[in-house]
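Chains, contacts and geometry: an overview
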Amino acid sequence: MIERLALFTRLLDDAGPGERLRLATQQIQHAERFGIGRAWVAQHHFRAAEGGLPSPFVFLAHVAAHTEAIRLGTGVVTLSLEGPVRVAEDAVVADLLSGGRIDVGLGSGGTPSSFTPFGLDAHDKATLFDRKLTLLRAALEGGDIGGGARLYPPAGTLADRVWQATFSAGGGTRAGASGHGLMLSRTQPRPADRLGATLAEVQLPIIDAYLAALPGDRTPRITASRTVFVADDRDEARRHAEVGLRRGAEGLRRSGQVIPDGDLDELIRATDTHVGTPDEVAASLAADPVLDRADEVAFQVHSVDAPHELVLRSIELFATEVAPALGWPGAPASTPARYEWSNA
């Protein structure tokens, strides 16, 4: 049974940058209207075709001013590229402005060419991530971050709202040992020797590693992102999927993934896309064993990337027809979020 729903968005609407921000805000507002509990936004530097949102905490602070209760998370901040103290400071300020609704999702990256403008080497991303994660945790937990300095404003409970995205069992172990949430991607690459593996076959071992490493006093937090496009008409859904998935598949191929260039049904299978009418999408998602072990499903229209009005309709259909068919109990009574201060 799906316990929680989340909207996941990259800013990819067919519009200029300012309009993309406006449309994404509307989509998150629409998700809140239909009881979606969280919205994740992806950070991407430099490239409009990848999402074009370099400053997610700035955007989420804006969204917080235009929403009331929906949680707002970064999915993800590429920590390897960022100053960890600055990430902590920006997260805390956004958390204060939102009334304690921020969740901090982190990843190591990302597009290799994005490292060059930061004076970094993509081959060092794992080492960079580990080192910067240590400093970020110290900052959020109120520790000495150098020269006797401590984070101000203090982070409150934000250290308990950190998530890690990973493609590997080793990353699952790191997230679990840290007591963080686990984020699973819709674009999980397949190992070179297992190109035909299903998404579940490569992600279930990550979940196992995460749970094995998680301290006994910590509650598991697992969110699984999935490409979902729901429409009233099957042919309309598939027409938009044909265009978007072929374009998205080209991007995945450029990043080194092996995606077959077959008919639409083969492409849907290869990209783990759930597309069609509410009944079709519910049946497709019900066959995904990862969702049986995740407590949150984060649905996104990428790489279908339908027009804005159809994205809004997909959100509505998912919340009102698909998710209830999968056992989602519906949105809880809305209560204002409350920020908890720390004396650390």
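About the cut-offs
Residues numbered from 1 in each chain as written. Predicted model: local features only at pLDDT ≥ 70, side-chain atom pairs only at ≥ 80, totals over all residues. Heavy atoms only, no water. Helix = DSSP H or I, 4+ residues; strand = E, 2+ residues; numbered from the N terminus. Buried < 20%, exposed > 50% of the residue type's maximum accessible area, 1.4 Å probe, protein only. Arc of directions from axis to C-beta. Contact = heavy atoms within 4.5 Å. Axes fitted to C-alpha atoms, helices over the stretch in contact; angles between N-to-C directions. Parallel < 35°, antiparallel > 145°, perpendicular 65-115°, else oblique. Nonpolar A, V, L, I, M, F, W, Y, C, P; charged D, E, K, R; others polar. Core = buried A, V, L, I, M, F, W, Y, C linked by side-chain atoms within 4.5 Å.

A few words on unusual backbone geometry. Backbone torsion omega between Y152 and P153 reads -5°, so that peptide bond is classified as cis. You can see P153 is positioned in the loop between helix 4 (125-140) and strand 5 (162-165). Positive phi, normally seen in glycine, also occurs at F46, with a value near 80°. Notably, D305 is not glycine yet its phi reads approximately 50°, a positive angle. Mapped onto the fold, D305 is located in the loop between strand 9 (296-300) and helix 10 (308-325). Assessed through its relative accessible area of 23%, D305 is described here as partly exposed.

Moving on: the environment of G83. Take G83: it is sitting in the loop between strand 3 (71-78) and helix 3 (84-98). Considering only alpha carbons, one finds G83 and Q26, 57 residues apart in sequence, at a separation of 30 Å.

Every α-helix winds through 3.6 residues per turn, so residues three or four apart in the chain are directed the same way. For helix 5 (residues 169-178), the full list of buried residues reads G171, G172, A175, G176 and S178. For helix 5, the arc enclosing every buried residue in end-on projection is 165°, short of the 170-degree limit, so these residues lie on one face. As for helix 5, its buried residues are in contact with helix 4, strand 5, strand 6 (181-184) and helix 6 (199-213). Directly after helix 5, the chain includes G179, whose backbone phi takes a positive value near 75°.

Relative to each other, helix 2 (residues 56-65) and helix 3 sit at 5°, their axes nearing to 9 Å. As the angle between them shows, helix 2 and helix 3 are arranged roughly parallel. Taking contact as the criterion, the partners of F57, A61 and A64 in helix 2 are, on helix 3, V87, D90, A91, A94, L97 and S98. Residue classes in the contact of helix 2 with helix 3 are distributed as 7 nonpolar, 1 polar and 1 charged.

Another aspect to go through is the nonpolar core. Core analysis: the largest hydrophobic core is formed by 82 residues, its most contacted members being I28, L72, L106, L140, F229 and F318. Of all the elements, helix 10 adds the most residues to this core, at 8 residues. Residues contacting I28, with those up to four places away along its chain left out, are L7, A39, V41, F59, V63, T67, I70 and L72. Core analysis: the second largest hydrophobic core is formed by 8 residues, F8, V76, M183 and A298 among them.

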